[in-house]
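What follows is each chain in one-letter form.
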Amino acid sequence: MTKDMNGMKKNKTKNPLIKRVPRELKGDWSKYLLVSLFMIFVIGCIAGMYVANESMLTAATENTKKSICEDGHFELSKKAKKGTFDSLSATIYEDFYYNLNEDKDGDGKKEGTIRVFQKNDEVNLASVLDGKLPENKNEIAIDRMYADNNKISVGDTLKSGSQKWKVTGFVALSDYSCLFQNNNDSMFDAIKFGVSVVTPEEFECLNQDKIQYSYSWVYDKEPKNEKQEKKMSEDLMEALGEEVTLESFVP
């Protein structure tokens, strides 16, 4: 019995893998080093993406609250009468816009569309990334991505027909974190479409016949979850439908 036990121990110490593994590592060290470095690189990238994703989500959420981002918006074919939305369970804000066709060379050829909003301090506030917001007539602040893609700098002049605006700064609007011109677009286009902000006085000088009557809303009581938010948006749409004719409704 003792002899068999000693034999088993002796056989264990002669396991061929004990010598084979170090020999394999030594013989093909470059291959295993390359595989190890590749694994470390991939794991590092994935871990970094998770950390960056959480940080970006936190920053985006904080900025959304700080800039009073809308809970949704809808459009009408004409301006609503005063008091139309007083009975709703949400605060409705006028967020009218005008689609400006940029004409860099002054030859009448459309080269891009800039959606113009008037500066306000109630909803969808503009975050200034460079320069400043417009303070006078014939001044405009445009989206940074559109400016970068079209090589526009602070101080440059935008043209549309006979009209000209001086670019005072670059901004970002919380409700246009992705530059979708239409809600049914499958891809956003930050080259041919951008958003901008002008003073209320300058906005009134634009062609009022082409103003789009968009309204933004913020719920009086914030929904607890997505299910409740969906129910609240459906109730709001039904209530709006009794007061006005909706052109579009985006919760």
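Residues numbered from 1 in each chain as written. Predicted model: local features only at pLDDT ≥ 70, side-chain atom pairs only at ≥ 80, totals over all residues. Heavy atoms only, no water.

Novice: So what about the state of the cysteines? Which residues, and what values?
Specialist: Applying the stated criterion across every chain, the model contains 0 disulfides. Among the cysteines around C178, which has no disulfide bond, C69 carries the closest sulfur, lying 12 Å off. (Disulfide = S-S within 2.5 Å.)

Novice: Run through the pattern of salt bridges, naming residues and quoting values.
Specialist: Using the criterion set out here, one finds 4 salt bridges in the structure. We note a salt bridge from K79 to E94, for which the minimum N-O separation is 3.9 Å. Separated by 15 residues along the polypeptide, K79 in the loop between β1 (72-76) and β2 (90-94) and E94 in strand β2 bring together distant segments of the chain. Residue class for K79 comes out partly exposed when judged on its relative accessible area of 47%. The shortest N-O distance in the salt bridge between K132 and E135 comes to 3.9 Å. (Salt bridge = Lys/Arg side-chain N within 4 Å of Asp/Glu carboxyl O. Helix = DSSP H or I, 4+ residues; strand = E, 2+ residues; numbered from the N terminus. Buried < 20%, exposed > 50% of the residue type's maximum accessible area, 1.4 Å probe, protein only.)

Novice: Could you give an account of the nonpolar core, with specific residues and numbers?
Specialist: Ranked by size, the top nonpolar core spans 33 residues in total, and within it F74, F85, I142, F203, Y215 and W217 carry the most contacts. When residues no more than four places from it in sequence are discounted, the contact partners of Y215 are G72, H73, F74, L76, K79, A80, F85, I92, Y93, E94, D95 and F96. If you look at the next biggest cluster of nonpolar residues, it comprises 9 residues, including F117, Y176, L179 and A190. (Core = buried A, V, L, I, M, F, W, Y, C linked by side-chain atoms within 4.5 Å. Contact = heavy atoms within 4.5 Å.)

Novice: Outline helix α6 (residues 226-241), listing residues and values.
Specialist: With 16 residues, α6 extends 22 Å between its outermost C-alpha atoms, agreeing within 8% with the 22 Å of an ideal straight helix rising 1.5 Å per residue. Considered for burial, the residues of α6 that qualify are M232, S233, L236 and L240. In an axial view of α6, the angular spread of the buried residues amounts to 100 degrees, which keeps them on one side of the axis. Exposed side of α6, more than 90 degrees from the buried face: K227, K230 and E238 are the residues found there. Buried residues belonging to α6 abut β1, β2, β10 (213-219) and β11 (246-250). You can read the cap of α6 off the contacts: a side-chain oxygen lies 3.3 Å from the backbone nitrogen of K227, and it is on N225. (Expected span 1.5 Å × (residues − 1). Arc of directions from axis to C-beta. Polar contact = N/O pair within 3.5 Å; in protein donor to acceptor, adjacent residues only side chain to side chain.)

Novice: Break down the sheet that holds β1 for me, citing the residues and quoting the values.
Specialist: In space, the 4 strands of this open sheet follow the order β2-β10-β1-β11, with antiparallel pairing throughout. The strands lining the two open edges of the sheet, one partner per strand, are β2 and β11. Neighbour-to-neighbour, the strand axes of this sheet turn through a mean angle of 25 degrees, independent of strand direction. Two elements, β1 and β10, share 5 bridges in a ladder whose sense is antiparallel. (Pairing = 2+ DSSP bridges. Axes fitted to C-alpha atoms, helices over the stretch in contact; angles between N-to-C directions.)

Novice: Outline the packing of aromatic side chains, supporting the account with residue identities and numerical values.
Specialist: Evaluation of the coordinates by the stated rule reveals 12 aromatic pairs. Between Y176 and F193, the aromatic rings sit 6.4 Å apart at their centres with planes inclined by 50 degrees, giving tilted as the arrangement. Of the two residues, Y176 is situated in the loop between β8 (163-173) and β9 (193-198) and F193 in strand β9; the sequence distance between them amounts to 17 residues. Residues Y176 and F193 agree in their burial class; the two are buried. Seen from their ring centres, F180 and F188 are 5.8 Å apart, and the 70 degrees between their planes marks the pair as edge-to-face. (Phe/Tyr/Trp six-rings, centres within 6.5 Å; stacked < 30°, edge-to-face > 60°.)

Novice: Can you lay out helix α3 (residues 29-66) for me, pointing to particular residues and giving the numbers?
Specialist: Because an α-helix packs 3.6 residues into every turn, residues spaced three or four apart end up facing the same way. The end-to-end C-alpha distance of α3 is 55 Å, a good match for the 56 Å that 38 residues give at a rise of 1.5 Å each. Looking at the residues trailing α3, positive phi occurs at I68, about 55 degrees.

Novice: Would you mind going over the side chain of N150 in detail, with residue names and values included?
Specialist: Relative to the assigned elements, N150 resides in the loop between α4 (144-149) and β7 (157-160). Looking at N150, the relative accessible area reads 12%, which means it is buried. A polar contact of 3.0 Å, which involves the side chain of N150, links it to the backbone oxygen of I191.

Fair warning: the whole summary comes from geometry, so function is off the table for now.
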